[in-house]
Amino acid sequence: MQILDGKTLAQDIENAIYQEVQFLNKEGITPGLAVILVGNNPASQSYVNMKAKACKRTGIYSITHEMPENIQQESLLQTITMLNQNPNIDGILVQLPLPKHIDTTAVLEAIAPHKDVDGFHPFNMGRIFSNLDGFIPATPMGVITLLKHYNIPLQGKNVVIVGASNIVGKPLGALFLNENATITLCHIYTKDLIRHTKEADILCVAVGKPNLITQDMVKEGAIVVDIGISKLDDGKIVGDVDFSNVFSKCSFITPVPGGVGPMTIASLLQNTIKAAKLRIKGK
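Per an unreviewed UniProt entry, the protein carries the name Bifunctional protein FolD and comes from Helicobacter winghamensis. You can read under Subunit (unreviewed entry) in the UniProt record for the protein the words "Homodimer." In its Pathway (unreviewed entry) section, UniProt records this for the protein: "One-carbon metabolism; tetrahydrofolate interconversion."

Draft legend 1. Spotlight on the domain arrangement of the protein. Along its sequence, the protein is organised into domain 1 (28–114) and domain 2 (138–260). For domain 1 and domain 2, the distance between their C-alpha centroids amounts to 28 Å.

Draft legend 2. A look at the nonpolar core. Grouped together as the largest cluster of nonpolar side chains are 51 residues, with contacts concentrated most on Leu-147, Ile-152, Phe-176 and Ile-227. There are two domains that each give this core at least three residues, and those are domain 1 (28–114) and domain 2 (138–260). The residues contacting Leu-147, other than those within four sequence positions of it, are Leu-4, Ile-152, Leu-154, Phe-176, Ile-223 and Val-225. Ranked by size, the runner-up nonpolar core spans 20 residues in total, among them Ala-34, Leu-77, Leu-96 and Met-125.

Draft legend 3. Quick peek at the sheet that holds strand E5 (residues 158–162). Spatially, six strands are ordered E1-E11-E8-E7-E5-E6 in an open sheet, and the strand pairing comes out parallel. Only two strands of the sheet have a single neighbouring strand rather than two, namely strand E1 (2–3) and strand E6 (182–186).

Draft legend 4. Molecular detail of the UniProt feature "domain: Tetrahydrofolate dehydrogenase/cyclohydrolase catalytic" (unreviewed entry) in the protein. In this structure's numbering, the residues bearing the UniProt feature "domain: Tetrahydrofolate dehydrogenase/cyclohydrolase catalytic" (unreviewed entry) are residues 4–118. From the first C-alpha to the last, residues 4–118 spans 23 Å; its make-up is 50% helix and 16% strand.

Draft legend 5. Structural detail: the sheet that holds strand E2 (residues 32–38). Across the sheet, which stays open at both edges, the three strands sit in the order E3-E2-E4 with parallel pairing between neighbours. Either end of the sheet is taken by a strand with one partner, and the two such strands are strand E3 (61–67) and strand E4 (91–94). Shown here is a sheet whose adjacent strand axes are inclined to one another by a mean of 15°, direction ignored. Two elements, E2 and E3, share seven bridges in a ladder whose sense is parallel. Bridge pairing links Ala-34 to Ile-63 in E3.

About the criteria used
Residues numbered from 1 in each chain as written. Predicted model: local features only at pLDDT ≥ 70, side-chain atom pairs only at ≥ 80, totals over all residues. Heavy atoms only, no water. UniProt positions renumbered as here; feature names shortened; annotations may be inferred. Domains from an automatic or database assignment. Core = buried A, V, L, I, M, F, W, Y, C linked by side-chain atoms within 4.5 Å. Buried < 20%, exposed > 50% of the residue type's maximum accessible area, 1.4 Å probe, protein only. Contact = heavy atoms within 4.5 Å. Pairing = 2+ DSSP bridges. Helix = DSSP H or I, 4+ residues; strand = E, 2+ residues; numbered from the N terminus. Axes fitted to C-alpha atoms, helices over the stretch in contact; angles between N-to-C directions.

Written as structure tokens, this is what we have:
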């Protein structure tokens, strides 16, 4: 069994991004990322803080627009319009989830596609599913980057994804399909989940339910990518996979924390650099 060390790879990616930022600075460009945070969700605040620190480490200019929980949707959309028009901002990220009174789809669609570094705009989603270049959602992008770093072949593999969200499950399935893998996408209405997971050469889990995947649900030698993250009552951070019992059965596995999480932030930074390069090209 080998650990898929996302933390170390993310550090290497950040080092490379720092060098790219230095080059862009010489061209008169400082990559800029704007983050919009609505409300006081502790998890969201933590994620935003981690992204801001990563920007600082790599030399990317970042600004966070903090808004109250009860902000009106129109005010939020006005802020996005302002950022769309700001020539010094290359990427715009709206931290999810948003309060229930706000139409998340309308907000994501308001972001200019060339600044959509989270990859959630229908324009970029469509390009992913069409196997065209665009901005890829950070977590799915990080998963594929991590697997390729360890030279894990994807073509022809049976890939089972548990969790069918627009943020992770669906785009991740499209990315695997673009690599010529065979995809099974499971969700809350899937019958006999274990029947599917035991067939997986590569099992990806993104649900947010601690220890959902147990040893008997994984076939011998499988590659397990744990994307979920939860905090237990005792403060321990765990994923969706019963790591202590599953790790001896698989060939590769991601830890939580230290697996997919750091890769998500590194991928966001890569998208921001990509957006800055598009600015140089005038696209």
